[in-house]
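Next come the chains, spelled out residue by residue.
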Amino acid sequence: MTNETISVDQLSGWLTRFNDLVTEQVSYLTELDSAIGDADHGSNMTRGMSAVVEKIQASPAGTVDELFTGAGMTLVTSVGGASGPLYGTFFLRIGATAGPVGTLDAPGLASALRAGLGGVVARGKAEVGDKTMFDVLAPALDAFDAALAGSSDIPSAARAAYSAAQTGRDATQALLARKGRASYLGERSIGHIDPGAASTSLLFQALAETLGKE
Amino acid sequence: MKVNQEVPDMKKLINSPETVLADSLAGVAAAHPDLRVDHANRIIFRATPKAAGKVALLSGGGTGHEPLHGGFVGEGMLDAACAGAIFTSPTPDQMLEATKVVDRGAGVLHIVKNYTGDVMNFEIGAELAAAETGIKVAVVVVNDDVAVEDSSFTAGRRGVGTTVLLEKIAGAAAEEGRDLAAVAAVAQKVNESGRSMGVALTSCTVPSAGKPTFVLPDDEMEIGVGIHGEPGRRRVPLAGAAEVARQLVEPILSDLDFTGAPTIVMLNGLGGTPLIELYVMYAEVRKILDAAGITVARSLVGNYITALDMAGCSVTILKADDDLLRLWDAPVNTSGLRWGI
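Throughout this document, residue positions are counted from 1 along each chain, in the order its sequence is written. As they are written, the chains are lettered A onward and the ligands numbered 1 onward, keeping that order. Owing to the predicted nature of the model, reporting of local features is limited to residues with pLDDT of at least 70; listing and counting of side-chain atom pairs is limited to 80 or more, with chain, interface and lining totals taken over all residues. Side-chain figures throughout are based on the complete set of non-hydrogen atoms in the structure, without hydrogens or water.

Asker: Report on the nonpolar core, specifying residues and quantitative values.
Answerer: Here, nonpolar core refers to any group of buried Ala, Val, Leu, Ile, Met, Phe, Trp, Tyr and Cys residues whose side-chain atoms link them within 4.5 Å. Three labels apply to residues, based on accessible area from a 1.4 Å probe with only protein chains included: buried if under 20% of the type maximum, exposed if over 50%, partly exposed otherwise in between. Ranked by size, the top nonpolar core spans 65 residues in total, and within it Leu57, Leu109 and Ile169 of chain B carry the most contacts. Strands here mean DSSP runs of E at least two residues long; helices mean DSSP runs of H or I at least four residues long; both are numbered from the N terminus. Broken down by element, the residue count for this core peaks at 8 residues, all from helix α4 (residues 162-175) of chain B. Setting aside its immediate chain neighbours within four residues, Leu57 of chain B contacts Lys50, Met77, Leu78, Asp79, Ala80, Leu109, Ile111, Glu167, Ala170, Gly171, Ala174 and Val183 of chain B. Counting residues in each nonpolar core, the second largest holds 63 residues, with Phe18, Val79, Leu141 and Ala147 of chain A among its members. The contact criterion used throughout is that any non-hydrogen atoms of two residues lie within 4.5 Å.

Asker: Quick one: what's the story with the sheet that holds strand β3 (residues 56-63) of chain B, residue by residue and with numbers?
Answerer: All names here are of chain B. Paired strands are those between which DSSP finds at least two bridges. Taken together, 6 strands build an open sheet; the order of strands is β1-β2-β4-β3-β5-β6 and the sheet is mixed. Because the sheet does not close on itself, it has two edges, and the strands there are β1 (35-38) and β6 (137-142). Pairs of neighbouring strands in the sheet enclose a mean axial angle of 20 degrees, with direction left out of account. Between N-to-C directions, angles cover 0 to 180 degrees, with each direction set by a line fitted to C-alpha atoms, over the stretch in contact for helices. In the packing of helix α3 (residues 116-132) onto the sheet, contacts are made with β3, β5 (108-113) and β6, and the angle to β5 comes to roughly 165 degrees.

Asker: So, the UniProt feature "domain: DhaL" (unreviewed entry) in chain A: which residues are in play, and what are the values?
Answerer: UniProt's entry tags residues 9-209 of chain A with the feature "domain: DhaL" (unreviewed entry), counted in the numbering of this structure. Secondary structure across residues 9-209 of chain A comprises 72% helix and 1% strand; the distance between its end C-alpha atoms is 14 Å. UniProt positions are given in the numbering used here, feature names are shortened, and annotations may be inferred rather than shown by experiment.

Asker: Please provide a residue-by-residue account of the pattern of salt bridges, values included.
Answerer: By definition, a salt bridge exists where a carboxyl oxygen of Asp or Glu is found within 4 Å of a side-chain nitrogen of Lys or Arg. In the structure shown here, the tally under the stated rule is 30 salt bridges over all chains. By sharing partners, the salt bridges in this structure join Arg17, Asp20, Glu24 and Glu209 of chain A into a single network.

Asker: Explain the packing of helix α1 (residues 8-24) of chain A against helix α3 (residues 41-58) of chain A to me, and be specific about the residues and the numbers.
Answerer: Residue and element names in this part refer to chain A. Look at α1 against α3: their axes get within 9 Å of each other, and the N-to-C directions meet at 145 degrees. Taken as a pair, α1 and α3 cross one another with a handedness that is left-handed. Residues Ser12, Leu15, Thr16, Phe18, Asn19, Val22 and Thr23 of α1 touch α3, and the partners they reach there are Met45, Thr46, Met49, Ser50, Val52, Val53 and Ile56. Gly is put with the polar residues, along with every residue not named as nonpolar or charged; the nonpolar set is Ala, Val, Leu, Ile, Met, Phe, Trp, Tyr, Cys and Pro, and the charged set is Asp, Glu, Lys and Arg. Each residue belonging to the contact of α1 with α3 can be placed in one class, and the counts come to 8 nonpolar, 6 polar and no charged. Crossing handedness follows the turn of the near helix against the far one: under a right angle anticlockwise gives a left-handed crossing, and clockwise gives a right-handed one.

Asker: Give me the domain arrangement of chain B: which residues, what numbers.
Answerer: Residues and elements named next belong to chain B. The domain boundaries here were taken from an automatic or database domain assignment. Looking at the assigned domains, one finds that chain B contains domain 1 (20-193) and domain 2 (195-339). The C-alpha centroid of domain 2 is placed 21 Å from the C-alpha centroid of domain 1. Taken residue by residue, the interface counts 44 residues in domain 1 and 46 residues in domain 2. Throughout, the accessible surface (probe 1.4 Å) given up by two parts as they are put together, summed over both, is called the buried area. Taken over both partners, the interface formed by domain 1 and domain 2 buries close to 3,700 Å², and the fraction arising from carbon and sulfur atoms is 63%. Taken together, the connections running from domain 1 to domain 2 amount to 4 salt bridges. A salt bridge links Glu176 to Arg326, with the shortest nitrogen-to-oxygen separation between them at 2.9 Å. Two N or O atoms count as a polar contact when they lie within 3.5 Å, although within protein this holds only if one can serve as hydrogen donor and the other as acceptor, and sequence-adjacent residues are included solely when both atoms are side-chain atoms. Seen at the junction of domain 1 and domain 2, the total is 21 residue pairs in polar contact (both at pLDDT 80 or more).

Asker: How would you explain the interface of chain B and chain A if you had to name every residue and give the values?
Answerer: Each side of the interface is counted separately: chain B has 27 residues, and chain A has 24 residues. Both faces combined, the contact of chain B with chain A buries some 2,000 Å², and carbon together with sulfur accounts for 56% of it. Taken together, the links from chain B to chain A amount to 4 salt bridges. When the shortest N-O distance is used, the salt bridge between Glu123 of chain B and Lys125 of chain A registers 4.0 Å. The element contributing the most residues to the side of chain B that touches chain A is α3 of chain B, with 7 residues.

Asker: Any chance you could break down the pairing of β1 of chain B for me, citing the residues and the numbers?
Answerer: Residue and element names in this part refer to chain B. As paired elements, β1 and strand β2 (residues 43-46) share 4 bridges and run antiparallel to each other. Bridging across to β2, Asp38 finds its partner in Ile43. Hairpin remark: β1 followed by β2, antiparallel, with 4 residues in the connecting loop; positive phi at Arg42, about 55 degrees.

Asker: I'd like to hear about the confidence of the model for chain A, residue by residue, with values.
Answerer: Per-residue confidence for chain A averages 93 on the pLDDT scale, and 98% of its residues sit at or above 70. Looking across chain A, the model is least confident in helix α2 (residues 26-36) of chain A, with a mean pLDDT of 91, and most confident in α1 of chain A, with 98. Residue-level confidence of the predictor is what pLDDT reports, using numbers from 0 through 100.

Asker: Can you explain the environment of Pro85 of chain A? Please cite residues and give values.
Answerer: Residue and element names in this part refer to chain A. With respect to the helices and strands, the residue Pro85 is situated in helix α5 (residues 83-98). Given the relative accessible area of 0%, Pro85 is considered buried. For the pair formed by Pro85 and Gly119, sequence separation is 34 residues and the distance between their alpha carbons is 9.9 Å.

So, in structure tokens, the structure goes:
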């Protein structure tokens, strides 16, 4: 294993890269949301993540819980809609699980991410196949855990997670939405990628790219 | 005085899409001395809080449904309304702040329309209030839209017209001095007894998008539309008022038996339809209800829960009883509803 731990600076870099990606893809996310939602996912995510990055730049976090609790609260209070509480809860749970540490080892990162997923489920009550961000988050974390169990290092596991995330994102196209505003479309939601699934895929792209730079 | 010379790129009376909410709150504050606007937190309060010991009512939601909710803040209805961005739920810190300010020691009822974002943001707001303050919070989630058929396979029925009637009736119950559990029970009863259905003749235009949310051909209408321009049950050929009334009222009557009780009926405009057409529609709705043997005890016709500039209307029918009628008739003094004072 070449990379046993991940530092708070690398995790800050992850969130910064995620902000870059949602900013680059803002029109794409909004376009997806126009088809089956209310056309605000791109602007909501960029508003929230740029506030997160401003906060990181103004006062860099010293510990993992400080970083993610700050990011989670910023999203919860600046985004509104459904994506603010869902992404916010994801980061808040990561922070609470990681605790006041400067680095995470691979099992520590895996369990923090897993707790984040638990938070999303508790808040959004989504299940597999409901056509939500859960359909990316769950398979990505399964791939992450499987890669670590197969003695991959953290960057390789992150790449495996991103690969599973893309598959999960694309698979939402064929699904019938059962949660959120898209669910009112019924059959008409089929044929469109879920915008939340697309932004969650960017989250794993950001993680893979940030660690890939090592 | 310096005048903003910027010309918006759509035909709306705005300075810019980014400032619509703040600019409209400035107008609310200037027009209504009975209200106090917290511009930083985007909350509309009563200028004079109600008496200590009474239950307070808090609602809120995305902007674009005016007069809901800010127009219903005042004596006999809400104590505060949190304003979100257009069609986007307000955030939990707003609900926390509003809950702290309006509590008069008897607890706060949160009135939430059933949309995924609204429910989650109010939920976090209530959790924060419980953790930080210990204020008692009760919640009623309004879900009265019969257009949503498969509610077990969706986010559930949406909160629409019944919200207006609920805020009035629960507000009167709180004003009478009923405790939090009793006020919440009245609110729950209104939600369970109210049903709504809407129709759009045109889309609405969200200022930040600058173009209509959907395209509806000149000879079609969308039956069962929501209040955010989200699609309805089906698109059908445009029809006259009598036929539109039938398509709105029938699904409501087949969802709940309204016979044998006095009802309150609201014919609500969605923002882009003149009052004369709403009265034409109301006459048609009454013919259907009379023929069905339904007793209409009270009526409300006008724009109360809108979807920006959408043309169209919704019908709400509430199965009432003597208590609910008495609470409906109680004095109310808000910019959106005012009688008995």
